[in-house]
Amino acid sequence: MKLVKKITAIVVLGLITISCGQKKEAKSSEMVNSSETTMDSTALSETPNIVGVAAANADFSTLVTAVKAAELVETLSGTGPFTVFAPNNAAFAKLPAGTLDGLLKPENKDKLKAILTYHVVAGKFEAAAVIEAINKNNGKYSVPTVQGDTIVLSLKDGKVILTDAKGGTSTVVLADVAASNGVIHAIDSVVMPK
């Protein structure tokens, strides 16, 4: 119960920060990897990892199911740090009928793994660093994913937009959800690699 209260507090704080339109300044033209800063080890032990944070949020239940089916729980529970652009349940619901069911079948595990790791970036990049990198790079910033392809980040109406390898887009709807091994940014559509 204590964990649920902490996660709720983190989400509420994130929503307040986003709704107020607060932006922090990054220190360089590139995304600043916040894992390079010193962290309090007691805070790390109290905050769950990326999988734990996602599992505690009902809006990520489809993502957690997919992560389990792709056998990525151990990877995303690792030391990291990772930045995960996490599709919420509504994002998965936008996929064509039968797509998700097909991806969850054991014979499609490699394809599902490729899609999910396309949503993961090595390093911890909070929203302020992402926005600063976009602004310093003429409005677009390409980021290599753990899967191997890149995602292009841009801004539209003050929100971070992801453009995938196929030209599809997704919007960050909740930023800077903290985890002990990185950060989660919730997105409203599933992005696809080549």
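Below or above, wherever it landed, is the structure these notes cover. This structure is a prediction, so every number in the text was calculated from the model and none was measured.

Cut-offs applied
Residues numbered from 1 in each chain as written. Predicted model: local features only at pLDDT ≥ 70, side-chain atom pairs only at ≥ 80, totals over all residues. Heavy atoms only, no water. Helix = DSSP H or I, 4+ residues; strand = E, 2+ residues; numbered from the N terminus. Buried < 20%, exposed > 50% of the residue type's maximum accessible area, 1.4 Å probe, protein only. Areas by Shrake-Rupley, 256 points an atom, 1.4 Å probe, with all protein chains shown as cover. Pairing = 2+ DSSP bridges. Axes fitted to C-alpha atoms, helices over the stretch in contact; angles between N-to-C directions. Contact = heavy atoms within 4.5 Å. Salt bridge = Lys/Arg side-chain N within 4 Å of Asp/Glu carboxyl O.

## Comments concerning the overall build of the chain
Then comes step 1: Secondary structure assignment for the chain yields 9 helices and 7 strands.
Then comes step 2: Counting all 194 residues of the chain, 44% fall into the buried class.
Then comes step 3: Working note: accessible area of the chain is about 10,200 Å², and carbon and sulfur atoms make up 55% of it.

## Examining the sheet that holds strand β6 (residues 169-179)
Then comes step 1: One open sheet accounts for 7 strands, arranged β2-β1-β7-β6-β5-β4-β3; its pairing is mixed. The outermost strands of the open sheet, each flanked by one partner alone, are β2 (120-122) and β3 (140-144). Averaged over all pairs of adjacent strands, the angle between strand axes in this sheet comes to 30°, irrespective of strand direction.
Then comes step 2: Looking at chain direction, strand β1 (residues 82-87) and β2 are connected through 3 bridges and run antiparallel. Residue pairing across strands places Thr83 opposite Val121, the latter belonging to β2.
Then comes step 3: Against the sheet, helix α9 (residues 127-136) touches β3, β4 (150-156), β5 (159-163), β6 and β7 (182-187), its axis set at about 90° to β4.

## Description of the pattern of salt bridges
Pairs may arise between side chains of opposite charge once their charged atoms sit close together.
Then comes step 1: Inspection of every chain in the model, using the stated rule, returns 3 salt bridges.
Then comes step 2: For Glu71, the salt bridge goes to Lys109, with nearest N and O atoms at 3.1 Å. Of this pair, Glu71 sits in the loop between α4 (61-69) and α5 (73-76) while Lys109 is found in helix α8 (residues 109-117), placing the two residues 38 residues apart along the sequence.
Then comes step 3: Across the pair Lys124 and Glu126 runs a salt bridge, and its minimum N-O distance is 3.8 Å.

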